[in-house]
Amino acid sequence: MNQVVFIELINPFKDKVFRLAKRLLTSTEEAEDATQEVMVKLWNKKDNLGTYNNVEAVAMTMTKNYCLDQLKSKRADNLKIVHNNFTDREPQLDKKLEDSDSLEWVEKIISQLPEQLQILIQLRDVEQYEFDEIAKIVNMNETAIRVALSRARKKIRESMINTHRYGIK
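Residues numbered from 1 in each chain as written. Predicted model: local features only at pLDDT ≥ 70, side-chain atom pairs only at ≥ 80, totals over all residues. Heavy atoms only, no water.

Per an unreviewed UniProt entry, the chain carries the name RNA polymerase subunit sigma-70 and comes from Flavobacterium chungangense. A UniProt comment under Sequence similarities (unreviewed entry) is attached to the chain, and it reads "Belongs to the sigma-70 factor family. ECF subfamily." (UniProt positions renumbered as here; feature names shortened; annotations may be inferred.)

> Break down unusual backbone geometry for me, with residues and values.
If you check the backbone angles, Gln128 has positive phi at about 60° while not being a glycine. Structurally, the position occupied by Gln128 is in the loop between helix H6 (115-126) and helix H7 (131-138). Although it is not a glycine, Asn139 sits at a positive phi angle of roughly 60°. Tracing the backbone through its elements, the reader meets Asn139 in the loop between H7 and helix H8 (142-166). (Helix = DSSP H or I, 4+ residues; strand = E, 2+ residues; numbered from the N terminus.)

> Provide a residue-level description of the packing of aromatic side chains, including the pertinent values.
This structure, assessed with the given rule, holds one aromatic pair. Look at Phe6 and Trp43: their rings are 5.1 Å apart centre to centre, the planes differ by 80°, and that puts the pair in the edge-to-face class. Here Phe6 is found in helix H1 (residues 3-10), whereas its partner Trp43 is found in helix H3 (residues 28-44), with 37 residues between them in sequence. Residue classification places Phe6 among the buried positions, given a relative accessible area of 6%. Of the residues examined, Trp43 reaches a relative accessible area of 31% and is grouped as partly exposed. Lys46 extends its terminal NZ or CZ atom over the ring of Trp43, reaching a point 4.3 Å from the ring centre. (Phe/Tyr/Trp six-rings, centres within 6.5 Å; stacked < 30°, edge-to-face > 60°. Buried < 20%, exposed > 50% of the residue type's maximum accessible area, 1.4 Å probe, protein only. Lys NZ or Arg CZ within 6 Å of the ring centre and 35° of its normal.)

> Explain a negative patch on the surface residue by residue, including any values.
Taken together, the side chains of Glu29, Glu32, Asp33 and Glu37 present a region of like negative charge at the surface. A relative accessible area of 32% places Glu37 in the partly exposed class. (Patch = residues over 30% accessible without salt bridge, like charges linked within 9 Å, V, L, I, M, F, W, Y side chains within 5 Å. Areas by Shrake-Rupley, 256 points an atom, 1.4 Å probe, with all protein chains shown as cover. Salt bridge = Lys/Arg side-chain N within 4 Å of Asp/Glu carboxyl O. Lys, Arg positive; Asp, Glu negative; His and termini not counted. Charge placed at Lys NZ, Arg CZ, Asp CG, Glu CD.)

> Please provide a residue-by-residue account of the packing of helix H2 (residues 14-25) against H3, values included.
Two elements in contact, H2 and H3, have axes whose closest approach is 8 Å; the angle formed by their N-to-C orientations is 135°. Overall, the two elements H2 and H3 adopt an arrangement that is oblique. In the packing of H2 onto H3, the handedness of the crossing is right-handed. Of the residues in H3, those touching H2 at Lys14, Val17, Phe18, Ala21, Lys22 and Leu25 are Thr28, Glu30, Ala31, Glu32, Ala34, Thr35, Val38 and Met39. When its residues are assigned to classes, the contact of H2 with H3 shows eight nonpolar, two polar and four charged. (Axes fitted to C-alpha atoms, helices over the stretch in contact; angles between N-to-C directions. Parallel < 35°, antiparallel > 145°, perpendicular 65-115°, else oblique. Left-handed = near helix turned anticlockwise from the far one by under 90°. Contact = heavy atoms within 4.5 Å. Nonpolar A, V, L, I, M, F, W, Y, C, P; charged D, E, K, R; others polar.)

Have a look at this one:
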């Protein structure tokens, strides 16, 4: 496999690799490093990539594992989720403030979930992967993923309702 073919193969999902790394590592610089590391590993395996059914799933799994290794080795207790991947169509200022506040609360609630649930929410709700793709990446069966996501979303929803009901800030 030459460089052009390799680039054509990885181009469709390289941004997803970066976003997952950014979600897990929070630092743009660390996410760029992680993305580059995964791309180098894929390049080193370029002659064997044809044996995989889904190279994107392999890349996402490599990214997840690399990021988790980085977190464990450096700062396992400092995991924080930051979400900046949304577009804004210039709503009113009060709507912007309300959205910002809600997003902060959701991020805070998600950051209190177990690491595995954070990854599942990132892959399904942010990256919009299908359940079969997520199953390959995280090595879980689809039913377990659906149940875990349902429970995580219920916790998030209940926390948001309780926050707004009692005016907790």
